[in-house]
Each structure stands twice: as structure tokens, then as C-alpha cells.
Amino acid sequence: MGPHLAVASHLAVNPLDASSLLAAFGALGIAVVLFAETGLLVGFFLPGDSLLFTAGLLCVPGATKGPQLHLWQVLPAALVGALAGAQVGYLIGRRGGRALLGRTKRKSLLEGVERAEELLARYGHGKAIVLARFIPVVRTVLNPLCGVLEVPVRSFTLWQVAGGAVWTVGVVLAGYGLGSSIPGIDQYLLPIIGLVVVVSVLPIVLELFRARKARRHGGDV
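Residues numbered from 1 in each chain as written. Predicted model: local features only at pLDDT ≥ 70, side-chain atom pairs only at ≥ 80, totals over all residues. Heavy atoms only, no water.

- An unreviewed UniProt entry lists the protein under the name VTT domain-containing protein, with Kitasatospora aureofaciens as the source organism.
- The Subcellular location (unreviewed entry) comment attached to the protein in UniProt states, word for word, "Cell membrane". (UniProt positions renumbered as here; feature names shortened; annotations may be inferred.)

1. Structural notes on unusual backbone geometry
Next, step 1: The phi dihedral of Val 137 is positive, around 70°, even though this residue is not glycine.
Next, step 2: Within the secondary structure, Val 137 is located in the loop between α6 (107-132) and α7 (138-148).
Next, step 3: Here Val 137 falls in the buried class, since its relative accessible area comes to 13%.
Next, step 4: The residue Glu 150 is not glycine, and still its phi comes out positive at about 55°.
Next, step 5: The topology assignment puts Glu 150 in the loop between α7 and α8 (153-181).
Next, step 6: Glu 150 sits in the exposed class, given a relative accessible area of 59%. (Helix = DSSP H or I, 4+ residues; strand = E, 2+ residues; numbered from the N terminus. Buried < 20%, exposed > 50% of the residue type's maximum accessible area, 1.4 Å probe, protein only.)

2. Thoughts on α7
Next, step 1: The element α7 is extensively covered by neighbouring structure, given that 11 of its 11 residues are classed as buried.
Next, step 2: Taken as a whole, α7 has its buried residues at Val 138, Arg 139, Thr 140, Val 141, Leu 142, Asn 143, Pro 144, Leu 145, Cys 146, Gly 147 and Val 148.

3. Observations regarding the side chain of Arg 139
Next, step 1: Here Arg 139 is to be found in helix α7.
Next, step 2: Polar side-chain contacts of Arg 139 include one of 2.8 Å to the side chain of Asp 49.
Next, step 3: With near-sequence residues (within four places) excluded, Arg 139 lies in contact with Glu 37, Thr 38, Gly 48, Asp 49, Ala 132, Arg 133, Phe 134 and Trp 167. (Polar contact = N/O pair within 3.5 Å; in protein donor to acceptor, adjacent residues only side chain to side chain. Contact = heavy atoms within 4.5 Å.)

4. Re the packing of aromatic side chains
To describe a pair of aromatic rings, you give the distance between the ring centres and the angle between the ring planes.
Next, step 1: Inspection of every chain in the model, using the stated rule, returns one aromatic pair.
Next, step 2: Aromatic pair Tyr 90 and Phe 156: ring centres 4.4 Å apart, planes at 15°, arrangement stacked. One end of the pair, Tyr 90, is in helix α4 (residues 71-96); the other, Phe 156, is in helix α8, and 66 residues separate them in sequence.
Next, step 3: Residue class for Tyr 90 comes out buried when judged on its relative accessible area of 1%.
Next, step 4: By relative accessible area, Phe 156 is classed as buried at 0%. (Phe/Tyr/Trp six-rings, centres within 6.5 Å; stacked < 30°, edge-to-face > 60°.)

5. Quick look at the UniProt feature "transmembrane region" (unreviewed entry) in the protein
Next, step 1: Sites flagged by UniProt as "transmembrane region" (unreviewed entry) map to residues 21-46, 71-93, 156-176 and 188-209.
Next, step 2: Each end of residues 71-93 is marked by a C-alpha atom, and these two atoms are 33 Å apart; helix forms 100% of the span and strand 0%.

6. Here's the deal with the packing of helix α3 (residues 48-58) against α8
Next, step 1: The interhelical angle for the contact between α3 and α8, taken along N-to-C directions, is 45°, at an axis separation of 6 Å. Here α8 runs oblique to α3, going by the angle between their axes. In this structure, α3 meets α8 at a crossing whose hand is right-handed. Contacts from Gly 48, Asp 49, Leu 52, Phe 53, Gly 56 and Leu 57 of α3 reach α8 at Trp 167, Thr 168, Val 171, Val 172, Ala 174, Gly 175, Tyr 176, Leu 178 and Gly 179. (Axes fitted to C-alpha atoms, helices over the stretch in contact; angles between N-to-C directions. Parallel < 35°, antiparallel > 145°, perpendicular 65-115°, else oblique. Left-handed = near helix turned anticlockwise from the far one by under 90°.)

7. Let's talk about α8
Next, step 1: The terminal C-alpha atoms of α8 lie 41 Å apart, and with 29 residues this matches the ideal 42 Å at 1.5 Å per residue to within 8%.
Next, step 2: Taken residue by residue, α8 has Phe 156, Gln 160, Gly 163, Gly 164, Trp 167, Thr 168, Val 171, Val 172, Gly 175 and Gly 179 as its buried positions. (Expected span 1.5 Å × (residues − 1).)

8. As for the side chain of Gln 87
Next, step 1: Looking at the secondary structure, you find Gln 87 in helix α4.
Next, step 2: Separated by 2.8 Å, the side chains of Gln 87 and Gln 160 make a polar contact.
Next, step 3: Excluding residues within four positions of it along the chain, Gln 87 makes contact with Val 153, Phe 156, Thr 157 and Gln 160.

9. Re the nonpolar core
Next, step 1: By size, the foremost hydrophobic cluster in this structure holds 21 residues, and its most contacted members are Leu 22, Ile 30, Leu 34, Leu 52, Leu 69 and Val 74.
Next, step 2: If you list the elements that add at least two residues to this core, you get α2 (18-39), α3, α4 and α8.
Next, step 3: If near-sequence neighbours (up to four positions away) are discounted, Ile 30 is found in contact with Leu 22, Leu 51, Leu 52, Ala 55, Val 74 and Ala 78.
Next, step 4: Counting 18 residues, the second-largest nonpolar core is a separate cluster that includes Ala 128, Ile 129, Ala 132 and Ile 135. (Core = buried A, V, L, I, M, F, W, Y, C linked by side-chain atoms within 4.5 Å.)

10. So, the pattern of salt bridges
Opposite charge on two side chains lets them pair, provided their charged atoms get close.
Next, step 1: Applying the stated criterion across every chain yields a total of two salt bridges.
Next, step 2: We note a salt bridge from Glu 37 to Arg 139, for which the minimum N-O separation is 3.0 Å. Here Arg 139 lies in helix α7 and Glu 37 lies in helix α2, a separation of 102 residues in the sequence.
Next, step 3: Since its relative accessible area comes to 3%, Arg 139 is described here as buried.
Next, step 4: Residue Arg 139 pairs with Asp 49 through a salt bridge whose shortest N-O separation is 2.8 Å. (Salt bridge = Lys/Arg side-chain N within 4 Å of Asp/Glu carboxyl O.)

Laid out in C-alpha cells, this is it:
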């Protein structure tokens, strides 16, 4: 591929498509996407779960027709992106304050802030920080929110590292394990990724349903 074609393929990448991102940028793309999703509010729409799962599948030799990746590249890239992103998000929250979150007008982000606050109130700092890693949007806003609320930096760092490691390594190895155990998984790739997206969004849907039900019962009192 010539330099002009290489540039064109990078420009044509779809940031919402995990396979497209991995084909264009490989392991480096994993680090960049996870950093943006977990550390920068602008990255809330990026496909963190499906990216990790797809990367795990692509680490299985011959499992798919996509680019061949390697666990020794994918796992460090995922860890660096997720852990550094969360820490930067926390620091942004400490310095920018609640005004940073208050300026956004995106409904999904505002709902994410509300869910993150409920998560912190219900489970406390440690459990909430770990659980948030598995909930899209919430994992984007919880890190700066912890900075805003002045969660002690040692406590935040400990739990975000623990949660980030379990999330990244767990989802990548889940994809790798599935790709290793099911022959010809390439033909099922799109449905599987779709299922991963649905499962990752399910906690938000259930939480919204629970919150709406609680408000309705509260209004009836």
C-alpha cells in the first residue's frame, strides 16, 4: 500500500466501529481510544467494550479475516490507555470543578453524571469506581466527578487501577477465549459484537428503569 492509500485508509476509519479502528491503528488505537473514553468527556461515544472484545478475537491466529494482533501488544496498550485516561480524567475534575461537567448539554452525559453520583452514594468510592468501568458513559464521567468531589487521590488511584485491570484484561481474554474455542467465529463476528454492545449498555437501561420506577413511586406518596 502506497503512502497516499495508507493516509486515505486512516482518514476513512469509522471511530464507532471497533473492527475499523483496529484495522487502521492496531494496538496503538486501543490505547488512544481507551484514553479518550475514560479520560476525556468527548470520548463517551467511543466503543470501549466492543473494541477490547474484538481485539481479543483478533489475537487468535486465523480466527478472523481481520488484522492479526497479539496479546503481548493488546494487553499493555489497553492497560496504559484505560489507567492513564482515568487518572487524567480525575485530575481534570480536580482542576476544572463541577463547571466542566455543568457546561455539557448532551443528554447522555448529563444522565451519566446522575448515574455516577447515584453509584458513588450507594456503593461508596471503591466499589463504585470498579463497577463504573463496566458501564459505558458512566466510566467516562465518574473519573472527573471523583476529582470534583475530591475523592482522595490514593484511594481513587488504587481502585481505578484495580477496576481498569479487571475490565481490560477480562474483556480482552473473553474475546480471545471465545475465538479460540469456536471454529469459524469470523462469520458470527458482527452478531457477537452487537451482543457485547447490548450487554454493556444493559446496566444503564436497568438503572434508568429503576430510577424512573423509584421516582414514580415517590410521586405517588
